[in-house]
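Here are the chains, one letter per residue:
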Amino acid sequence: QVQLVESGGGLVQAGGSLRLSCAASGRTFVTLNMGWFRQAPGEEREFVAAISRIAGLTSYADSVKGRFTVSRGNAKNTVYLQMDSLKPEDTAVYYCAADVTRALSTRSSDYEYWGQGTQVTVSS
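About the cut-offs
- Residues numbered from 1 in each chain as written.
- Predicted model: local features only at pLDDT ≥ 70, side-chain atom pairs only at ≥ 80, totals over all residues.
- Heavy atoms only, no water.
- Disulfide = S-S within 2.5 Å.
- Helix = DSSP H or I, 4+ residues; strand = E, 2+ residues; numbered from the N terminus.
- Phe/Tyr/Trp six-rings, centres within 6.5 Å; stacked < 30°, edge-to-face > 60°.
- Buried < 20%, exposed > 50% of the residue type's maximum accessible area, 1.4 Å probe, protein only.
- Pairing = 2+ DSSP bridges.
- Core = buried A, V, L, I, M, F, W, Y, C linked by side-chain atoms within 4.5 Å.
- Contact = heavy atoms within 4.5 Å.
- Axes fitted to C-alpha atoms, helices over the stretch in contact; angles between N-to-C directions.
- Salt bridge = Lys/Arg side-chain N within 4 Å of Asp/Glu carboxyl O.

Glancing now at the state of the cysteines. Enumeration according to the criterion identifies one disulfide in this entry. Note that C22 is cross-linked by a disulfide to C96, the S-S spacing being 2.1 Å. One disulfide, between C22 and C96, carries an S-S torsion of -75° and so falls in the left-handed class. You can see C22 sitting in strand 3 (residues 18-25) and its partner C96 sitting in strand 9 (residues 92-99), a full 74 residues away along the chain.

All right, on to the packing of aromatic side chains then. The geometry of an aromatic ring pair is captured by the separation of the ring centres together with the interplanar angle, meaning the angle of the planes. Within this structure, the stated rule accounts for five aromatic pairs. Seen from their ring centres, F37 and Y111 are 5.3 Å apart, and the 75° between their planes marks the pair as edge-to-face. On the criterion of sequence distance, the pair formed by F37 in strand 4 (residues 33-39) and Y111 in the loop between strand 9 and strand 10 (113-114) is long-range, its members being 74 residues apart. An identical accessibility class is assigned to F37 and Y111; each is buried. Aromatic ring contacts, followed pair by pair, group F37, F47, Y95, Y111 and W114 into a single cluster.

What follows deals with the pairing of strand 3. With five bridges connecting them, strand 1 (residues 3-7) and strand 3 associate as antiparallel partners. Each bridged residue has a counterpart across the sheet, and for S7 the counterpart in strand 3 is S21.

The next point concerns the nonpolar core. L4, M34, W36, V79, L81, M83 and Y94 are the most contacted members of the largest nonpolar core, which totals 35 residues. Those elements giving two or more residues to this core turn out to be strand 3, strand 4, strand 5 (46-51), strand 7 (68-73), strand 8 (78-83), strand 9 and strand 11 (118-123). Residues contacting L4, with those up to four places away along its chain left out, are C22, A23, A24, M34, C96, A97, A98, Y113, W114, G115 and Q116.

All right, on to the sheet that holds strand 8 then. Taken in spatial order, the four strands line up as 1-3-8-7 in an open sheet, and their pairing is antiparallel. Each edge of the open sheet is held by one strand with a lone partner, namely strand 1 and strand 7. The sheet shows a mean angle of 15° between the axes of neighbouring strands, taken without regard to direction. In terms of strand pairing, strand 7 meets strand 8 through six bridges, oriented antiparallel. What sits directly across from V70, in strand 8, is L81.

Moving on, we get to the pattern of salt bridges. Under the criterion given, the structure shown has five salt bridges. Between K65 and D62 there is a salt bridge; the shortest N-O distance is 3.2 Å. For D62, a relative accessible area of 66% puts it in the exposed group. When the shortest N-O distance is used, the salt bridge between D110 and R107 registers 3.1 Å. The class of D110 is buried, set by a relative accessible area of 7%. Under the relative-accessibility criterion, R107 is labelled exposed at 51%. Connected through salt bridges with shared partners, the residues R38, E46, R67 and D90 form a single ionic network.

In structure tokens:
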């Protein structure tokens, strides 16, 4: 079992920045591919970013490319999502997810473990 706990969400004005963190426990962190997803009210959950086990590979949704950066601190068992130049359309609950079995994926169905989510609200 893997436990994931997100933190760092909040309210920010458009153009501002936030950094989300996700602390993992229950399994050796370097064996996990880590992903970030988000879900706005009335919308499907969508892929945001992902980072591979040994941090060699990253992947981003087109909507966040150039504004968001995913990274991991393996010594701290934590994955981060640095969000800059935030827009009102980035408003959503952001979820951290872990995948133990596959290559880096952008599909939510490929991730076995999920955090509880953290709210990000961007005001215009």
